[in-house]
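Coordinate inspection notes
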Amino acid sequence: MKRNILITGGAGFIGSHVVRLFVNKYPDYNIVNLDKLTYAGNLANLKDIEGKPNYTFVRADIADLDEMRRIITTHKIDGIIHLAAESHVDRSIKDPFTFARTNVMGTLALLQAAKEYWEGTPEKYEGKLFYHISTDEVYGALELTNPEGVESPFTTTASSSEHHLAFGTEFFLETTKYAPHSPYSASKASSDHFVRAYHDTYGMPTLVTNCSNNYGPYQFPEKLIPLFINNIRHGKPLPVYGKGENVRDWLFVEDHARAIDLIFHKGKIADTYNIGGFNEWKNIDLIKVIIKTVDRLLGNPEGKSLDLITYVTDRAGHDMRYAIDSRKLQRELGWEPSLQFEEGIEKTVRWYLDNQEWMDNITSGEYEKYYDDMYSNR
Ligand code: NAD
Ligand code: DAU
């Protein structure tokens, strides 16, 4: 079936994997990638598909309502997968207004433009979908009731085989009350509420998914894993926030993209699905896995880069533990990730080491300045 699908934020980390999957898997769909190309947007992430006949790139700001109206109407959009956002917690602490503008007002502008266009078509909302990509951070933080970890009661194929721990008894469910702490998660929570409000008020077909931490190729090197791989390569310090005891639940980005594809096509309208791999890691343990992998692949003696670990002032309001319960998605839509953690990390580290030019293009110039500024008051 022919469809015209708008993917926002497609030049970013997760968005580029979603665009690639849809462009390659659905030659009959027209895929329009809408991205403002902020510091985090990089068209080099999509070099392999940019010439495909079913792919179009449009540079625009989601907060520009008139532009959203024009783009949605011009391309006769019937499905939206909305990933565009400001996504880095540390930046949100420095500059919350940009997060409110893009994540809240931008999402609202996109919703409004879609509403106006869809309500004006003969079939109205029939065959339409506004799919909003959100985060587990909207649920707030879980307690570290098992600081050393106990065998996790749940599993997916993404769970680590050598280390399968839960650091607490609670997990985020789709019914967990929203309790965001950072300006980033507050802005994402607000956008989720607007999406649900457009369903409840105007009958717009919407879907929301909340995913755990993603890792993999093309992630901007302000985030833990690519930042640390790059710093190890250059012998630079690895800034571990606080004691490194915070826990995150890691999922390979292509498995998130596959979940988005499945939910876009089979998800129940107005529903919410949590996406995660039951793959919890304490930051310091994950960092040691990264150090070990990078040192091995670079041919360094084992443990050489452990000395780079540098404990720094903790992130303000640092959420202690995230742990997603994705059993609903497994049960109702049969989702299973394709990569186990060990394979995913190996693939990721290799990718960054093999794509040094991609990394160097980012870490030079403006970005470095911004980053130095961010660290100057630590
Ligand atoms: P990213 O920062 O790598 O990419 C964001 C993209 O959005 C960039 O290409 C940027 O140019 C674009 N963008 C930003 N502001 C824009 C605007 N005003 N108009 C148009 N485009 C704009 O982010 P990511 O890590 O790929 O995250 C994508 C989405 O997934 C976000 O909504 C994020 O909240 C969500 N999410 C991320 C994770 C994760 O672990 N990275 C996990 C769960 C959910
Ligand atoms: O949980 C999903 C979220 O995961 C997404 O919604 C966000 O967009 C994404 O950025 C990510 O948020 P985190 O804050 O968890 O990711 P980050 O890579 O910034 O940090 C991961 C953990 O590592 C966190 O506990 C903070 C810590 N950290 C991070 C950096 C960048 C450090 O200790 N040192 C660092 O230099």
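Quick caveat: nothing in here was measured; it's all calculated off a predicted structure. Residue numbering note: each chain is counted from 1, following its sequence as written. Each chain is given a letter, starting from A, and each ligand a number, starting from 1, according to the order in which they appear as written. Local features in a predicted model are, by the rule used here, given only for residues with pLDDT of at least 70; side-chain atom pairs are given and counted only at 80 or more, and totals for whole chains, interfaces and linings are based on all residues. In computing side-chain values, all of the structure's heavy atoms are included and hydrogens and water are not.

A separate point is the packing of helix H8 (residues 283–298) against helix H10 (residues 341–354). Every axis in this analysis is a line fitted to C-alpha atoms, fitted for helices over the stretch in contact. Angles between the N-to-C directions lie between 0 and 180 degrees. Numbered from the N terminus, helices here are DSSP runs of H or I no shorter than four residues, and strands are runs of E no shorter than two. For the pair H8 and H10, the least separation of the axes is 10 Å and the interaxial angle reads 55°. As the angle between them shows, H8 and H10 are arranged oblique. Considering how the two elements wind past one another, H8 and H10 form a crossing that is right-handed. The residues of H10 that touch H8, namely those facing Leu286, Val289, Thr293, Val294, Arg296, Leu297 and Leu298, are Phe341, Ile345, Glu346, Val349, Arg350 and Leu353. Taken together, the residues of the contact of H8 with H10 break down into nine nonpolar, one polar and three charged. Any angle that is under 35 degrees is reported as roughly parallel, and any over 145 degrees as roughly antiparallel; angles of 65 to 115 degrees are reported as roughly perpendicular and all others as oblique. Working rule for handedness: look at the near helix, and if it is turned counterclockwise from the far one by less than a right angle, call the crossing left-handed; if clockwise, right-handed. Two residues form a contact once any of their heavy atoms are found within 4.5 Å. In this classification, the charged set is Asp, Glu, Lys and Arg, the nonpolar set is Ala, Val, Leu, Ile, Met, Phe, Trp, Tyr, Cys and Pro, and all remaining amino acids, among them Gly, are polar.

Turning next to the pattern of salt bridges. The term salt bridge refers to a side-chain nitrogen of Lys or Arg lying within 4 Å of a carboxyl oxygen of Asp or Glu. Tallied over the full model, the rule gives 22 salt bridges. A salt bridge links Arg69 to Glu116; the shortest N-O distance between them is 2.6 Å. Residue Arg69 is found in helix H2 (residues 65–74), and its partner Glu116 is found in helix H4 (residues 96–119); the two are separated by 47 residues along the sequence. Exposure is judged per residue with a 1.4 Å probe applied to protein chains only, and the accessible area is read against the type maximum: over 50% gives exposed, under 20% gives buried, and values in between give partly exposed. The class of Glu116 is partly exposed, set by a relative accessible area of 32%. Two residues, Lys223 and Glu222, come together in a salt bridge whose shortest N-O distance is 3.6 Å. One network of salt bridges, in which partners are shared, links Lys36, Asp61 and Arg101.

What follows deals with the site of ligand 2. Consider each residue's heavy atoms; a residue with any of them within 4 Å of a molecule or strand counts as near. The environment of ligand 2 is formed by 25 residues, the closest being Thr135, Asp136, Tyr184, Pro239 and Arg315. Side-chain atoms alone can form a polar contact between residues adjacent in sequence; in general such a contact is a pair of N or O atoms within 3.5 Å, and within protein one must be able to donate a hydrogen while the other accepts it. A distance of 2.8 Å separates an oxygen atom of ligand 2 from a polar side-chain atom of Arg248. Breaking the shell around ligand 2 down by element, the ones donating at least two residues are helix H6 (224–234) and strand E10 (238–241).

Further remarks concern empty space enclosed by the protein. If a probe the size of a water molecule is rolled over the atoms, the empty space left behind becomes visible. Cavities and pockets were defined on a 1 Å grid built over protein atoms only: a cavity is a set of grid points that admits a 1.4 Å probe from which the probe cannot escape, a pocket is an open set flanked by protein on both sides within 12 Å along at least five of seven lines, and lining residues are those with an atom within 4 Å of any such point. Grid points are joined across faces, edges and corners, and a volume is the space filled by probe spheres set on the points. Counting across every chain of the model gives two cavities of 30 Å³ or more. In this structure, the second largest cavity encloses a volume near 50 Å³. Lining the second largest cavity, in full, are Val89, Glu137, His181, Ser182, Arg248, Arg315, Ala316, Gly317, His318, Asp319 and Tyr322.

None of this, on its own, says anything about what the molecule does.
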